[in-house]
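Residues per chain, in single letters:
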Amino acid sequence: MSPRGDAAFLPPGHLPSPAKQSHPLSKPYIREGFLSAHECAGLRTLACERAVHQGRLAGGVKSDSVRSVGATWLDDGDAPWLSIKLARALSQICADAFPFDIDGFDEGFQLLRYEGGAGKAGDFYDWHVDIGRAGSTKRRKLSFVLQLSDPLAYEGGELMLNAGGSTVVAPKGEGTLIVFPSFVLHQVTPLIAGERVSLAAWAHGPTFR
């Protein structure tokens, strides 16, 4: 794995067609308790110890009006147990929910720190899709989000998905895994208070046709 993709964003005129979004495969896969409280705490510690940079869009583009979050990439040796756990889960997830051709995780895992202001909107990520138009982002098939923070530690910061034309709010429980096709629209609403730490990863394969 090499962490070289960063998050993708396609402007409204380039978003996937409604036909793709209305497909039954748009429904997210959710597994609560995928990580233990101890495992989540270890990843949060890594997120706090690392120097974070402003999260960018695909191709290294910076847009404060679209995305505001602190981001850092995990190196291969940072959490090898997580790579093994996600790889094992990927096979089962594809069998149960998403019968896609998947090669594996071609990018590294990204830790994200959303911070809120005192009573005002903080970090966020506006509506977007994860498929880009170049490099590894073009081959993203499944998006993985791990909720690493106790939901009582922050206010706001809801992960929302536009699954088939209706909005779905993902559960915020610590250790919950949410998986969805990378063509599905999603956002993180502005954080009002506290700090939300999450992890993003992408499974890759032949490009959708």
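Residues numbered from 1 in each chain as written. Predicted model: local features only at pLDDT ≥ 70, side-chain atom pairs only at ≥ 80, totals over all residues. Heavy atoms only, no water.

As for helix H3 (residues 80–96)
Condition: Helix and strand definitions here come from DSSP, where helices need a minimum of 4 consecutive H or I residues and strands a minimum of 2 consecutive E residues; each element is numbered from the N-terminal end. An expected span of 1.5 Å times one less than the residue number is assigned to each helix. Buried, partly exposed and exposed residues are distinguished by accessible area as a fraction of the type maximum, computed with a 1.4 Å probe on protein chains only: under 20%, between the cut-offs, and over 50%, respectively.
Taking 1.5 Å of rise per residue, the 17 residues of H3 would be expected to cover 24 Å, and the 25 Å separating its terminal C-alpha atoms lies within 8% of that figure. Buried within H3 are the following residues: Leu82, Leu86, Ala89, Leu90, Ile93 and Cys94.

Some remarks on the pattern of salt bridges
Here is the rule we go by: Within this document, salt bridges are pairs made up of a side-chain nitrogen of Lys or Arg and a carboxyl oxygen of Asp or Glu, the two lying within 4 Å of each other.
Using the criterion set out here, one finds nine salt bridges in the structure. Of the charged contacts, one joins Arg113 and Glu195 as a salt bridge, the two residues approaching to 3.4 Å between their closest N and O atoms. With a gap of 82 residues between them, Arg113 in strand S5 (residues 110–115) and Glu195 in strand S13 (residues 191–204) connect regions that are remote in the sequence. Taking relative accessible area as the criterion, Glu195 reaches 25% and is therefore assigned partly exposed. Lys172 is paired through a salt bridge with Glu158; the nearest N and O atoms lie 3.6 Å apart. Of the two residues, Lys172 is situated in the loop between strand S10 (166–169) and strand S11 (177–181) and Glu158 in the loop between strand S8 (154–156) and strand S9 (159–163); the sequence distance between them amounts to 14 residues. Residue Glu158 is classed as partly exposed on the basis of its relative accessible area, which comes to 24%. Because the salt bridges share partners, they merge into one network encompassing Asp103, Asp106 and Arg139.

Thoughts on the packing of aromatic side chains
We apply this condition: Stacked, edge-to-face and tilted labels apply to pairs of Phe, Tyr and Trp rings (six-membered ring for Trp) whose centres lie within 6.5 Å, assigned for plane angles under 30 degrees, over 60, and everything in between, in that order. Counted as over-ring charges are cases with an Arg CZ or a Lys NZ within 6 Å of the ring centre that also lie within 35 degrees of the ring normal.
Using the criterion set out here, one finds six aromatic pairs in the structure. Where Phe105 meets Phe109, the ring centres are 5.6 Å apart and the plane angle is 90°; that geometry is what we call edge-to-face. Pair check on accessibility: Phe105 and Phe109 agree, each one buried. Cation over ring: Lys141 sits above Phe208, and NZ or CZ is 4.8 Å from the ring centre.

Focus: the pairing of strand S6 (residues 124–128)
Basically, it comes down to this: If DSSP finds at least two bridges between two strands, the strands pair.
By the bridge criterion, two bridges tie strand S3 (residues 67–68) to S6 in an arrangement that is antiparallel. Across the sheet, residue Ser68 finds its bridge partner in S6, namely Phe124.

So, the nonpolar core
Nonpolar side chains tend toward joint burial in soluble globular proteins. Applied cut-off: Nonpolar core, defined: a set of buried Ala, Val, Leu, Ile, Met, Phe, Trp, Tyr and Cys residues in which side-chain atoms within 4.5 Å join the residues together. In this analysis, two residues are considered to be in contact whenever any of their non-hydrogen atoms come within 4.5 Å of each other.
Within the largest apolar cluster, 30 residues are counted, with the highest numbers of intra-cluster contacts made by Leu43, Leu82, Leu142, Phe144, Leu148 and Leu199. Only helix H2 (37–49), H3, strand S7 (140–147), S11 and S13 provide two or more residues apiece to this core. Counting residues per element, this core draws most heavily on H3, which supplies six residues. Aside from chain neighbours lying at most four places away, what touches Leu199 is Leu74, Leu82, Phe109, Gln110, Leu111, Phe144, Val145, Leu146 and Leu148. Ranked by size, the runner-up nonpolar core spans 21 residues in total, among them Trp73, Ile131, Phe183 and Val188.

Description of the confidence of the model for the chain
Condition: pLDDT gives the predictor's per-residue confidence on a scale running from 0 to 100.
Summary statistics for the chain give a mean pLDDT of 84 and a share of 80% for residues scoring 70 or more. Considering only residues more than four positions removed or in separate chains, one finds that residues 9–22, a stretch of pLDDT under 50, has 28 contacts.

What about the pairing of S9?
Counting buried positions along S9 yields five of five residues, so the element is predominantly enclosed. With four bridges connecting them, S9 and strand S12 (residues 185–188) associate as antiparallel partners. Opposite Leu159, over in S12, you have Val188 as the bridge partner. Pairing geometry for S9 and S10, over four bridges, is antiparallel. For Leu161, the partnering residue across the bridge sits in S10 and is Val168.

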